[in-house]
Amino acid sequence: MGQGSSNQHASKRSREQLTLELAQRFQAKCFTSLELYSLRDVFKSLADQQDSMRYIKEDTLARFLEIPDILGASPVVFQMVSFLGSFPFLQDAPVILEMPQLIMVIVIMTERYRRVLAKSSDRTKLLFKSLAVFDRKASEAGAASPEEQPADLKAPARSHVIGFAVDEAGDDGEPADIEDEDDDLVITAFELLDINEAVKQGDAPMPYGAMIPADNFRKLLMLLLLAAPLDPQESLSQYSNRVNGAQLERLRSTAENVLAAFVDAETSPGIKFAHFKRNIPVLCPNLFKGFNGLFEHFLFSKNLDFSKRHDVKPESSPELPTLAQPLLTDHGEILHEHTLSQISLFLPGTDLFHRVRLLYSGNEAGFSMGSFEARIFNWRAPTILLVRGTRLADIPDGGLEASFAESLPPKRFKSGSKSDRLTYGVYIKEPWKHTHRECFGDSDTFLFQLEPVHDVFTSSSINTEYISFTKPPGNQPCIAFGCPHPKPTQSNRKEGMFSLGAVSLLLNDSFEFGVFNHDYRSRGGAFHTSVTRKYDFQDRFQIESMEVWGCGGDAEAKAQAERWAWEAREAEARRKINIGSGNKEADRALLEMAGCRFE
């Protein structure tokens, strides 16, 4: 009877009352008293007023978050917040951004909702819905070939917000791409408020053809890559140098590489939920981390900046635009600030931003295993190896290419993409070492591709053939990832021919050529196959640049510097040994130590 009475009481509350009640629970559990005071102060300073309603407009939000106009991402972000503000009654979206709605947006964007809705922590479906367009015509066009697609895919707009263009779903006879049931977060919120079915009236099913427009997602990716290193009290305008000139082109190119993992923009107008849900956990688990720092700006009022001296007159200390500290202290040919943000999509940003340093560059130190070893093997923290090259033609051009082709198995798959420019990488958690008999590495090792398609190949826990480093004159000198260790006992292998793993990257000993192999139908490799490219492919390429970056702080750098200094002292001591200096007994003892015998 108590439960029935509670449900009857809940049914008498309006949606506005329920939304307000949930907002009050969020603000009590998710914000400190100082943060709540700051939020109210910020909202008061930003809000427009119409009659008794105070709300935030799109241009006001974009100006407060300092989203660069050049990115064109402001309408996309406002579409998201207009949808998330309707939580948990998503069928009411888009909503006007009043204070309760803003609280919903902040706790979802910063993931603070977990303090209240601890039962469910997955917001993937909710974020997809906030970005999706429901356009049946566009969906049909996406299924057709590019030449069959209509020129105009736009449906009549229901509001000024891009993305809420709706074409009424017809009876297509096909299942919806996204499940019709409520989101886990919505269900948990309803349970928290003790709302019965009559009150919540179900979440309106997603119309057929729900997708995220490729252009919208591209703009959002550029913003998220820019905001990836953002701290809560940092201003996005501090990274203004990353959206100018050549840097802007690099940002666009990086975003295109990530977009290619979700959709072929040439043949499909948008991203379906099944693809979105499958790719995010593997390829970009940290994709939306940039929103954490961006939306926590609402919790820091400038009126509460305790770092300012109250005895200084405003005119004597004008505010000047400042630039953030460089994300990279060293300059590389492959790794720049945008690719570092791209890597932070699947590695923790706290291990990357301001914390990686260039250990080895082939174009500076020389493309040889000796120079590689001298600069890498003393680093006692994780490393990131990056290699960039140009795809080799199917028919070898010249003796070196032919020799490399002969060292590989004759079975060759088609190329992984249309682009001739390729960038692959490896994350190695363990220190480097020689592999005389067996491979090294652990389950935290994984392969990835940055260009032209963003992809991640996680490690297997069964096959441990992660990394091999074999120098001349050993068996088949090379650096290989995911390949069987070269052993003389492999009688079934042709002399001088490498053995490639199902998912593997191999660099020859001169660092002139490399090959990435992806045998999708094979099983049992050291690395899992791609979650987005479900086919066989192989990329053979000529290496143009190769870099290794060390992850770690000052302690790791100091330890490596001390090791280098010790080796330099040892080398200098060896050079000072002078046979025949006049001390015959010392010379005789030294020669005997070297293996010489005297009668």
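Above this text you will find the structure in question.
Residues numbered from 1 in each chain as written. Predicted model: local features only at pLDDT ≥ 70, side-chain atom pairs only at ≥ 80, totals over all residues. Heavy atoms only, no water.

Caption draft 1: Highlighting the packing of aromatic side chains. Summed over all chains, the structure comprises 30 aromatic pairs. Look at Phe217 and Phe276: their rings are 6.3 Å apart centre to centre, the planes differ by 70 degrees, and that puts the pair in the edge-to-face class. In this pair, Phe217 sits in helix α11 (residues 214-227) while Phe276 sits in helix α13 (residues 273-283), placing the two residues 59 residues apart along the sequence. Residues Phe217 and Phe276 agree in their burial class; the two are buried. (Phe/Tyr/Trp six-rings, centres within 6.5 Å; stacked < 30°, edge-to-face > 60°. Helix = DSSP H or I, 4+ residues; strand = E, 2+ residues; numbered from the N terminus. Buried < 20%, exposed > 50% of the residue type's maximum accessible area, 1.4 Å probe, protein only.)

Caption draft 2: Spotlight on the sheet that holds strand β3 (residues 133-134). On the basis of which strands lie adjacent, the open sheet formed by three strands has the order β3-β4-β5 and antiparallel pairing. Bordering the open sheet on either side are β3 and β5 (270-271), each of which pairs with just one other strand. Judged from the two bridges that link them, strand β4 (residues 210-213) and β5 form a sheet pairing that is antiparallel. Within β5, the residue paired with Pro213 across the bridge is Gly270. Where helix α7 (residues 124-131) meets the sheet, its contacts fall on β3, β4 and β5, and the angle it forms with β4 comes to roughly 70 degrees. (Pairing = 2+ DSSP bridges. Contact = heavy atoms within 4.5 Å. Axes fitted to C-alpha atoms, helices over the stretch in contact; angles between N-to-C directions.)

Caption draft 3: Examining the nonpolar core more closely. Membership of the largest hydrophobic core comes to 113 residues, with the highest contact counts inside it found for Phe26, Leu39, Phe87, Phe217, Leu220, Phe295 and Phe298. Here this core takes 10 residues from α11, the largest share from any one element. Shared between two domains, this core holds at least three residues of each, these being domain 1 (15-136 + 181-298) and domain 2 (348-488 + 495-555). Once you skip the residues sitting within four places of it in the chain, Leu39 turns out to touch Phe31, Met99, Leu102, Ile103, Ile106, Phe298 and Leu299. Among the nonpolar cores identified, the runner-up in size contains 35 residues, and Leu422, Leu447, Phe516 and Ile543 belong to it. (Core = buried A, V, L, I, M, F, W, Y, C linked by side-chain atoms within 4.5 Å. Domains from an automatic or database assignment.)

Caption draft 4: Inspection of the side chain of Gln27 at higher detail. Structurally, Gln27 is set in helix α2 (residues 15-30). Look past the residues within four positions of Gln27 in its chain and what remains in contact with it is Leu36, Arg40 and Ile103.

Caption draft 5: Up close: the pattern of salt bridges. In the structure shown here, the tally under the stated rule is 21 salt bridges. Note that Glu451 is salt-bridged to Arg421, the shortest N-O span being 3.2 Å. Pair noted here: Glu451 is in strand β9 (residues 446-451) and Arg421 is in strand β8 (residues 421-428), with a separation of 30 residues, a long-range link. (Salt bridge = Lys/Arg side-chain N within 4 Å of Asp/Glu carboxyl O.)

Caption draft 6: Quick peek at unusual backbone geometry. Geometrically, the link from Ala93 to Pro94 is a cis peptide bond, its omega value of 0 degrees lying close to zero. Positionally, Pro94 belongs in the loop between α5 (74-84) and α6 (99-109). With an omega of 0 degrees, the peptide bond running from Glu451 to Pro452 counts as cis. Not every positive phi belongs to a glycine, and Asp51 is a case in point at roughly 60 degrees. Relative to the assigned elements, Asp51 resides in the loop between β1 (48-50) and β2 (53-55). Residue class for Asp51 comes out exposed when judged on its relative accessible area of 70%. Backbone geometry places Glu66, a non-glycine residue, at a positive phi of 60 degrees. Assignment of secondary structure puts Glu66 in the loop between α4 (58-65) and α5.

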